[in-house]
Amino acid sequence: MHNDFEINYVLDTNKGQVLMDAPESLTGEPGIDWDDEDATDNLLPIPQITSNEAYDSMDRFAEKQEPAVAEKLIDVLNRRKPFRNFKDKVIELGIEDELNGIPLNKVMQRKPFSIG
């Protein structure tokens, strides 16, 4: 986790890659020059959420479930490693399709990857 640095992620729509925009001292490469419009026309910022926001999303999701399912999900949220355990419990219960994009990882380690 890089709490001391401003790290953002962007989607390069031309290359289909997710790029990290961070200080050169962290990555060894220069950050994105947002003043260069030609270089940034194809870049879309990827919104980030905090761990608290992700936890609250999972809690709200759990509360919307049937009582027996909600109890199991809330139980794992109150244990160690709530993000991983929540994901595992959702898969175990077969309700992963209902998440609709709720983030499951406290810290997402993103690296460039190709889309499609």
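Residues numbered from 1 in each chain as written. Predicted model: local features only at pLDDT ≥ 70, side-chain atom pairs only at ≥ 80, totals over all residues. Heavy atoms only, no water.

S.K.: Looking at this model, I keep getting lost on the overall build of the chain. Mind explaining?
M.R.: Tallying secondary structure elements over the chain gives five helices and three strands in all. Across the chain, contacts joining residues at least 24 apart in sequence account for 48% of those joining residues at least 6 apart. Surface accessibility of the chain: about 8,400 Å² in total, with carbon and sulfur atoms responsible for 46%. (Helix = DSSP H or I, 4+ residues; strand = E, 2+ residues; numbered from the N terminus. Contact = heavy atoms within 4.5 Å. Areas by Shrake-Rupley, 256 points an atom, 1.4 Å probe, with all protein chains shown as cover.)

S.K.: What exactly am I supposed to notice about the packing of aromatic side chains here?
M.R.: Two aromatic rings, taken as a pair, are described by how far apart their centres are and by the angle between their planes. This model, assessed by the stated rule, comprises one aromatic pair. For the pair F61 and F86, a centre-to-centre distance of 6.1 Å together with 75 degrees between the ring planes defines the contact as edge-to-face. Taken together, the residues span a long stretch of sequence, with F61 in helix 3 (residues 51-63) and F86 in helix 5 (residues 82-93) at a distance of 25 residues. Exposure class is identical for F61 and F86. Each is buried. (Phe/Tyr/Trp six-rings, centres within 6.5 Å; stacked < 30°, edge-to-face > 60°. Buried < 20%, exposed > 50% of the residue type's maximum accessible area, 1.4 Å probe, protein only.)

S.K.: Before we go on, may I ask you to explain the side chain of N42 in this structure?
M.R.: Within the fold, N42 resides in the loop between helix 2 (37-40) and strand 3 (43-46). A relative accessible area of 14% means that N42 is categorised as buried. Beyond its immediate stretch of four places on either side in the chain, N42 contacts L11, D12, T13 and N14.

S.K.: Which parts of the structure should I look at to understand helix 3?
M.R.: Turn by turn, an α-helix covers 3.6 residues, leaving residues three or four places apart pointing in a common direction. If you check helix 3, its first and last C-alpha atoms are 18 Å apart, about what 13 residues at 1.5 Å a residue would give, namely 18 Å. Listed in full, the buried residues belonging to helix 3 are A54, S57, M58, F61 and A62. On an axial view of helix 3, the arc spanned by its buried residues comes to 135 degrees, and they lie on one face. Of the exposed residues in helix 3, the ones pointing more than 90 degrees away from its buried face are N52 and E63. (Expected span 1.5 Å × (residues − 1). Arc of directions from axis to C-beta.)

S.K.: Would you mind going over the packing of helix 4 (residues 67-77) against helix 5 with me for this structure?
M.R.: Working note: a packed helix pair is described by the angle between its axes plus the distance between those axes. Where helix 4 meets helix 5, the axes come as close as 8 Å, and the angle between the chain directions of the two elements is 155 degrees. Our classification of the angle between helix 4 and helix 5 gives roughly antiparallel. Regarding helix 4 and helix 5, the two cross each other, and that crossing is right-handed. Here V69, K72, L73, V76 and L77 of helix 4 come into contact with helix 5, specifically with P82, N85, F86, K89, V90 and L93. Looking at the contact of helix 4 with helix 5 residue by residue, the classes come out as eight nonpolar, one polar and two charged. (Axes fitted to C-alpha atoms, helices over the stretch in contact; angles between N-to-C directions. Parallel < 35°, antiparallel > 145°, perpendicular 65-115°, else oblique. Left-handed = near helix turned anticlockwise from the far one by under 90°. Nonpolar A, V, L, I, M, F, W, Y, C, P; charged D, E, K, R; others polar.)

S.K.: Would you mind showing me how to read a negative patch on the surface here?
M.R.: Taken together, the side chains of D33, D35, D36, E37, D38 and D41 define an acidic patch exposed on the protein surface. Mapped onto the fold, D38 is located in helix 2. (Patch = residues over 30% accessible without salt bridge, like charges linked within 9 Å, V, L, I, M, F, W, Y side chains within 5 Å. Salt bridge = Lys/Arg side-chain N within 4 Å of Asp/Glu carboxyl O. Lys, Arg positive; Asp, Glu negative; His and termini not counted. Charge placed at Lys NZ, Arg CZ, Asp CG, Glu CD.)

S.K.: What am I meant to see in helix 4 here?
M.R.: Where helix 4 is concerned, the buried positions are A70, L73, V76 and L77. On an axial view of helix 4, the arc spanned by its buried residues comes to 130 degrees, and they lie on one face. Away from the buried face of helix 4 by more than 90 degrees, exposed residues P67, A68 and E71 are located. Taken together, the buried residues of helix 4 touch helix 3 and helix 5.

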